[in-house]
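Below are the chains, spelled out letter by letter.
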Amino acid sequence: MTKTVTDVVCPFCGTLCDDLEVAVTDDGKQILDVYNACAIGAEKFLHSQAKDRITRPRFQQPDGTWKETSYDEAADYTAKMLAGAKKPLMYGWSSTNCEAQSMGHEIAEMCGACVDNTAAVCHGTTLIAVQDIGLPTCTLGEVKNRADTIIFWGCNPCHAHPRHMSRYSIFPRGFFTGKGHKSRKLVVVDPRVTDTAKMADIHLQVTQGQDYELLNAFRVAFKGEWLPDVVAGIPKEKIIEAANIMKAGRFGIIFFGMGVTQSLGKNHNIDEAIAVTKDLNEYTKFSIMPMRGHYNVTGSGEVLAWQFGYPYSVDLTRGFPRYNPGDTSSIDLLTRGEIDAAFVIGSDPGAHFPISAVKKIAQVNSVCIDPHITPTSGVSKLHVPVAFVGVETGGNAYRMDNVPIDCRKVVEPPEGMLTDEEFLTMVRDRVKKLKGVA
Amino acid sequence: MAEYIIKNGFVFDPVQGIKGDKSDVAIKDGKIVSDVSKSAKVIDAAGKTVMAGAVEIHAHIAGPKVNLGRIYRPEDKLFTCTATKGIERTGSGNSIPSTFKTGYEYAKMGYTTAMEAAMPPMFSRHVHEEIRDTPIIDEGAFPVFGNNWFVMEYLKNNEVENTAAYIAWLLRATKGYAVKVVNPGGTEAWGWGLNCLSIHDPVPYFDITPAEIVKGLIEANEYLGLPHSMHIHPNNLGNPGCYQTTLDTLNLADGYKAKNKFGREQVMHITHMQFHSYGGENWGNFESKATEIMNFVNSHKNLTMDTGNVTLDETTTMTADGPFEHHLTGLNHLKWANCDVELETAAGVVPYIYSPDIKVCAIQWSIGLELALLAKDPMRCFITTDHPNAGPFTRYPRVFKWLMSEKARNERLNTFKNADKVIAASTLGSIDREITLYELAQMTRAGPAKSLGLANICGGLKPGMDADVAVYDFNPDKPLADPEMIETAFSRAAFVFKSGVQVVTHGDIVNTGHKRTLWVDAKVKDNPQVMRDIKEKFLKYYSMTQANYEALGHHFVPNPFALEVDATQA
Ligand code: SF4
Ligand SMILES: [Zn+2]
C-alpha cells in the first residue's frame, strides 16, 4: 500500500514549486515516486533514498580515510572549533531552512564569525545594485495574472529553472492573461542560442560582456534619441523594435540570471537593468526579478537582514555586524588567509569557489554539514550528514520573489539522523557553555 | 511567579481616572492586583512617574517591506550598531532597526505592545518570523484588505456577509489582528501603473469605487464585531490639497455605530493623519488643514486617529500605497523599491530626509503637532510617527517633549530656516496647550488600547489587567527646569514590567519576557460559497497552493494569544 503526500514543496531551485505530490510507503519511510516535479527536482527526492547514504558524522584521518563518530562528538568538535577560532567563517545556508539559519546566526554572534551565503558568488552583485538604485518587483503570481511582456536576460530557465515558464512566466493563463503564452511576447537576451532563446519572439544575441551597453542603448531608444548603427552586436533597428515592444505592453518583467550578474560589469549591469525598469514605468508597468538559484538563498538573505541588517557577507568579529563585500565576503576572506576555521552548510564551495580559496578551507579546521558527499566534504576535517530539508524535515524557505513557503516533511530520515537545526542546536548549547553565556 | 510592589510613584492611569496621585501598583502572577504579600519585591518609585506600558497602534516593524528597507539601505546602519551585551543580542539600524533592536528599544521606552500596521497576507509567514524574533513586546499584525480581489468582487455586489466570512478565514490563515485598508482601490490600480486619487475614482476592471470598499469593510468589520475597527490609510496621501479626500473618507463613517464586546466605540481608525491634512494646490502654497480635520474628528465620536508626527530625521518611507512611493521617488530621486503582490496588495519603499531647512518638511512637522494639540478627546487621538514613515519610533520621547512643552516646540518652530513661511502655514505658533502626563497616558496607553479592543487587557493599571508597567525618572511635582528632561526620562525608563516580568532596569534589558503574538479568531456561519471561491482563486490565480498558504505552523507563532469573536449568530 502507498499513500500520497500533496502540496509538497521542492527544495531544489528558487522556483520553489509547491504543487508536488509524492507517493510514499505506508510506513512513511520510503519514497516511491514524485509527481509534478521537473527532472532535477524529482532527482533531489529520489536521491535521498540512496542505499549507500552516509548516516553518521565522520572525521577525516590524516591518510584521507574516514572514521565514523557520534553526533555528540561531532557537536563537541564543531563547538570547540568555532568558539576557539579568532575569525571563523560560516558559509552556505542557501540549501537549508530559515530555522537552521537562525540557529546558526546565534552561534555566529557568540563566536564572532563571518556569515555568508551563496549570493557571494551569484546574486551578491544584484544586492549591491539594489542598494544603489532600488528594485521595482512583484510576486510571480502577478506575472502569471498580468504580464504580457517577458524578458529573460542572461538566464536559461529551460534548464536552470525548468518549471518557471509553465508555472509563472510564459504558459499559464492568469486573470488578465486568458490566452496563456499567446498573450505574451518573449524577448531573450543571451550571447548563446539557448533552448530558452529558441522560444523567443525576439532573440538579441548580445556580444559577450556588453550587456551594459545594450541596456544603456534601450534607455536611449525609449526616449527616441540617436543610437549608433550597432550596439553590443545588435543592429539599431532590432533594439528599437524590442524597446517598442517593452513600452507597448501593459505589464512587463525582466528576469535575469548569472549571465549578467557575474559577467563583465557585474553590479553595474544590474544597476542599468533596474534603471531600464524604472524608465519603463514612465510608459507602462514594469518589474524586474533576479532568478535566484538555490531554493532558500533568498531566505538566508532575509534572515540575515532582519537579525543583522545586511543580506550577505556579514562580519560579526567585532561583536556587531559589519558589511563590506570584497572585504567581508567569503572568497576574499579565504584567499587573504584571514580565516582560521571553516564551517560550511547547505552549499558546496568546494565545487564553486576558486581553487585558491578551496585550498584554504583544506588548511584550517573545518566542518561540512551536508547530506551528500561533496567536494567540500572531501576537503573538510569533519563531515556531518543530516536529514534533507524539504524531504525528511520541514521548515521555512523563501522563493525567488521573496514569498515564504513552509517546506514539508515527506518521509522519515534514516534511523538516528539529525536535522540541520537539531545539530546546530547541540552546537549552540555547547558554545554557550564554552563562552560562559547563561 | 514573582510578586512586586511599585511604591510611592506618581501614578497616571486614565482607566481608573488616576491623575498623578502618589500610590502603589501591585503585581502578581503577571497581572495587576490590589494587594500582594509581604514577600513581594519592592520597587521604589518615589519621585517617579508610573504608567501602564505604552501601546503602539501603528508602526512598520516586521515583514517584507521593512526587511527590504534593511536589505537595500546599508547606510541606515552607519554608527547605529550595538554590540552583543549580556542577554541583549547585537542590533543594527536607525530608521529600520533589526528585530532584536526593535524589541529592546520599544521596551526601554516603556512600550510593551505594538501593532505591525500592514501585513501582505501572502507574506504572513515572513511577518510572523520577524515578530517571533522581536523580543519582549506583544505584537499583532494587520493584514491589508483594501485592494484584495475577493473583497472587491464581493463588495461590488454588496455581499457584506461573504466579505465577513472571507475576512474571518484570512485572519485565521494569516494570524492577523485587524482589517487594514491602504489607498483603497488605488493599489490595485497600481498593478497597471494607475491610481485612485479620490474616493469616487473607479478601480480599473473591478468596477467599484474606494468609497464602496470603505463602507463595505466597515459593515463587514461590525458584522463580525472585531476588537479593532477598520483601520484606514485613505486615498490621495501626501498631496497638497489632500485634506478634502480625507474629509470625504471620514464622512463615509457617518451613521455607523460600533458593535462589539470589547468596549470599542469607533468604526473607523484613520492613521498617520498628518499625511492627510494638507491644503494648497502645490508645494509652493502648501499649508496645514489640521484645524478643518480636527474640527471634524472632534465632533464625530465614531472615529479614532493617530498623528504620524514628522521628527525631522533621515528615514525610510514604506507603505502598501505603491503608487505613492513611485510618486515620491519622482520628487526626491532617491532609490525606489516596489513589490506588487498577486490578488492582494503592493508595497513601495523610498528613503526620505525630513530636513528642517526645507519649508514643506517643517510644515509637515507643524501639522503633526497641531493635530495632537487640537484634539479635544485624547482618548481618540494617539501619538505615532507611522514608524518609519514620518520618523523612527525611537523619537517618541522627542515628540512628547514638543507636545508637553510650548517652549521646546516654539524654540524649534522659530529657528527653522524658513520660519516666517512655516509659521504662517499653520496655527501651531498660536497654540499654547501643553499635553499633560495624564493626557499623554491617554494618547499612548489607554486610548490606543481601547481603540484596539484591548481595554481590559493593557493600557491601564486596574487590578486584573496585564501587569505591563513603566516607571520613568520624571518627577511631575518639581517645576520643569528644562524640557530636555522630558526627552531624557521617556527615552530610557527606570523600570519596565511586561506581563509581570521585570524586563528593564535602569534602561537595561534584564529579561526578554514571554513575548506573545496577538491575533483574532473570528467564527462565522459555514459559508460554502466563500470556501468555493477561495478554492477557485488558488487553483486559477495564486502562485502557491491553498494548503501551503494556510499552513502557519507553531514555529511561526510560538506563543499565540487569540481574541475570540463569535459571529455565527450575526
Ligand atoms: S523548477 Fe525548480 S523548484 Fe520546480 S520542480 Fe524543478 S527544481 Fe524543483
Ligand atoms: Zn503606516
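Residues numbered from 1 in each chain as written. Chains lettered and ligands numbered in written order. Predicted model: local features only at pLDDT ≥ 70, side-chain atom pairs only at ≥ 80, totals over all residues. Heavy atoms only, no water.

Considerations on the sheet that holds strand β10 (residues 185-189) of chain A
All names here are of chain A. Taken in spatial order, the five strands of this open sheet run β11-β10-β9-β14-β15, and their pairing is parallel. Unpaired on one side and paired on the other, β11 (202-204) and β15 (285-290) mark the two borders of the sheet. Neighbouring strand axes in the sheet, compared pairwise and without regard to direction, differ in orientation by 15° on average. The sheet contact formed by strand β9 (residues 149-153) and β10 spans five bridges and is parallel. Pairing of Trp153 across the sheet is with Val189, part of β10. Strand contacts of helix α10 (residues 236-248): β9, β10, β11 and β15, with the helix running at about 125° to β11, the strand carrying the most contacts. (Pairing = 2+ DSSP bridges. Helix = DSSP H or I, 4+ residues; strand = E, 2+ residues; numbered from the N terminus. Axes fitted to C-alpha atoms, helices over the stretch in contact; angles between N-to-C directions. Contact = heavy atoms within 4.5 Å.)

Some points on the pairing of β10(A)
Looking down a regular strand, the side chains alternate between one sheet face and the other. Residues and elements named next belong to chain A. In terms of burial, β10 is a largely internal element, four of the five residues being buried. Inspection of the sheet shows β10 paired to β11 by three bridges, in the parallel sense. From the neighbouring strand, Val189 faces β11, where its bridge partner is Leu204. (Buried < 20%, exposed > 50% of the residue type's maximum accessible area, 1.4 Å probe, protein only.)

With respect to the packing of helix α5 (residues 160-174) of chain B against helix α7 (residues 210-224) of chain B
All names here are of chain B. Interaxial distance between α5 and α7 falls to 9 Å at its minimum, and their mutual angle equals 65°. Between α5 and α7, the interaxial angle falls into the category roughly perpendicular. Pair α5 / α7 crosses with right-handed handedness. Each of Val160, Glu161, Thr163, Ala164, Ile167 and Ala168 in α5 lies in contact with α7, whose residues at this interface are Leu217, Glu219, Ala220, Tyr223 and Leu224. A breakdown of the residues in the contact of α5 with α7 according to their chemical character gives eight nonpolar, one polar and two charged. (Parallel < 35°, antiparallel > 145°, perpendicular 65-115°, else oblique. Left-handed = near helix turned anticlockwise from the far one by under 90°. Nonpolar A, V, L, I, M, F, W, Y, C, P; charged D, E, K, R; others polar.)

A look at the site of ligand 1
All names here are of chain A. Close contacts around ligand 1 come from Cys10, Phe12, Cys13, Thr15, Leu16, Cys17, Ala37, Cys38, Ile40, Gly41, Pro162 and Arg163, and that covers them all. One can see that ligand 1 is located within the second largest cavity. Grouping the constituent residues of the shell around ligand 1 by class yields nine nonpolar, two polar and one charged. (Near = heavy atom within 4 Å. 1 Å grid on protein atoms, 1.4 Å probe; cavity = no way out; pocket = protein on both sides within 12 Å on 5 of 7 lines; lining within 4 Å. Sits in = over half its atoms within 2 Å of the grid points.)

Section: the coordination of the zinc ion (ligand 2)
All names here are of chain B. Of the protein atoms, only His58 (NE2), His60 (NE2) and Asp386 (OD) coordinate the zinc ion (ligand 2), at distances of 2.0 to 2.1 Å. In the primary sequence, the donor residues of the zinc ion (ligand 2) line up as H-x1-H-x325-D. Of the two residues, His58 sits in strand β6 (residues 54-59) while Asp386 sits in the loop between β18 (381-382) and α12 (396-404), which places them 328 residues apart along the sequence. Asp386 matches His58 in its accessibility class, with the two residues each being buried. (Donors = N, O, S within 2.8 Å, 3.2 Å for Na, K, Ca; no water.)

Let's talk about the domain arrangement of chain A
All names here are of chain A. When its domains are assigned, chain A resolves into domain 1 (2-47), domain 2 (58-119 + 295-435) and domain 3 (124-290). Summarising the inter-unit geometry, the C-alpha centres of domain 1 and domain 3 are found 32 Å apart. Each side of the interface is counted separately: domain 1 has twelve residues, and domain 3 has eight residues. In total, about 690 Å² of surface goes out of reach between domain 1 and domain 3, with carbon and sulfur atoms giving 56% of it. The largest per-residue losses of area from domain 1 upon contact with domain 3 belong to Thr15, Cys17 and Cys38, which jointly make up 53% of the total buried on that side. Between Asp18 and Arg167 there is a salt bridge; the shortest N-O distance is 3.1 Å. Summed over the shared surface of domain 1 and domain 3, the number is five residue pairs in polar contact (both at pLDDT 80 or more). The residue makeup of the side of domain 1 that touches domain 3, split by class, is seven nonpolar, three polar and two charged. (Domains from an automatic or database assignment. Buried area = accessible area lost by both parts, 1.4 Å probe. Salt bridge = Lys/Arg side-chain N within 4 Å of Asp/Glu carboxyl O. Polar contact = N/O pair within 3.5 Å; in protein donor to acceptor, adjacent residues only side chain to side chain.)

Some words on the packing of helix α4 (residues 124-133) of chain A against helix α12 (residues 267-280) of chain A
Residue and element names in this part refer to chain A. Their axes nearest at 8 Å, the elements α4 and α12 cross at an angle of 50°. What the angle tells us is that α4 and α12 run oblique. Classified by chirality, the crossing of α12 by α4 is right-handed. Contacts from Thr125, Thr126, Ile128, Ala129, Val130, Asp132 and Ile133 in α4 reach Asn267, Ile270, Asp271, Ile274 and Ala275 in α12.

Examining the environment of B:Ile199
Relative to the helices and strands, B:Ile199 resides in the loop between α6 (186-189) and α7. When the C-alpha positions of B:Ile199 and B:Ile213 are compared, they lie 9.3 Å apart, and in sequence the two are 14 residues distant.

Focus on the packing of aromatic side chains
The relation between two aromatic rings is expressed through the spacing of the ring centres and the mutual angle of the planes. Taken as a whole, this structure holds 44 aromatic pairs over all chains when the rule is applied. A centroid spacing of 4.7 Å and a plane angle of 65° characterise the contact between B:Tyr4 and B:Phe497, whose relative ring orientation is edge-to-face. Here B:Tyr4, found in strand β1 (residues 3-13), pairs with B:Phe497, found in strand β20 (residues 495-498); they are 493 residues apart in sequence, far enough to count as distant. Taking relative accessible area as the criterion, B:Phe497 reaches 0% and is therefore assigned buried. Considering the side-chain rings of B:Tyr106 and B:Phe393, the 3.8 Å spacing of their centres and the 5° angle between planes classify their relative orientation as stacked. Here B:Tyr106, found in helix α2 (residues 99-108), pairs with B:Phe393, found in the loop between β18 and α12; they are 287 residues apart in sequence, far enough to count as distant. One exposure class covers both B:Tyr106 and B:Phe393, and it is buried. The structure contains a cluster of three or more aromatic residues connected by ring pairs, namely B:Tyr106, B:Tyr111, B:Phe393, B:Tyr396, B:Phe400, B:Tyr472, B:Phe474 and B:Phe490. Positioned over the ring face of A:Trp66 is A:Arg58, at 4.1 Å from the centre of the ring. (Phe/Tyr/Trp six-rings, centres within 6.5 Å; stacked < 30°, edge-to-face > 60°. Lys NZ or Arg CZ within 6 Å of the ring centre and 35° of its normal.)

A look at empty space enclosed by the protein
The final tally for this structure, using the stated rule, is six cavities of 30 Å³ or more. Estimates place the volume of the largest cavity at around 430 Å³. Of all elements in the fold, only α4, β8 (134-138), β15 and α13 (297-308) of chain A together with α1 (64-72), β16 (336-341) and β17 (345-353) of chain B reach the threshold of two or more residues within the lining of the largest cavity. Its residues placed into classes, the lining of the largest cavity shows 20 nonpolar, nine polar and four charged. Domain assignment of the residues forming the lining of the largest cavity places at least three in each of domain 2 (58-119 + 295-435) and domain 3 (124-290) of chain A. Estimates place the volume of the second largest cavity at around 80 Å³. Along the walls of the second largest cavity sit A:Cys10, A:Phe12, A:Cys13, A:Thr15, A:Leu16, A:Cys17, A:Leu20, A:Ala37, A:Cys38, A:Gly41, A:Pro162 and A:Arg163, which together make up its complete lining. Here the residues of the lining of the second largest cavity are counted per class, giving nine nonpolar, two polar and one charged. (Points joined across faces, edges and corners; volume = space filled by probe spheres on them.)

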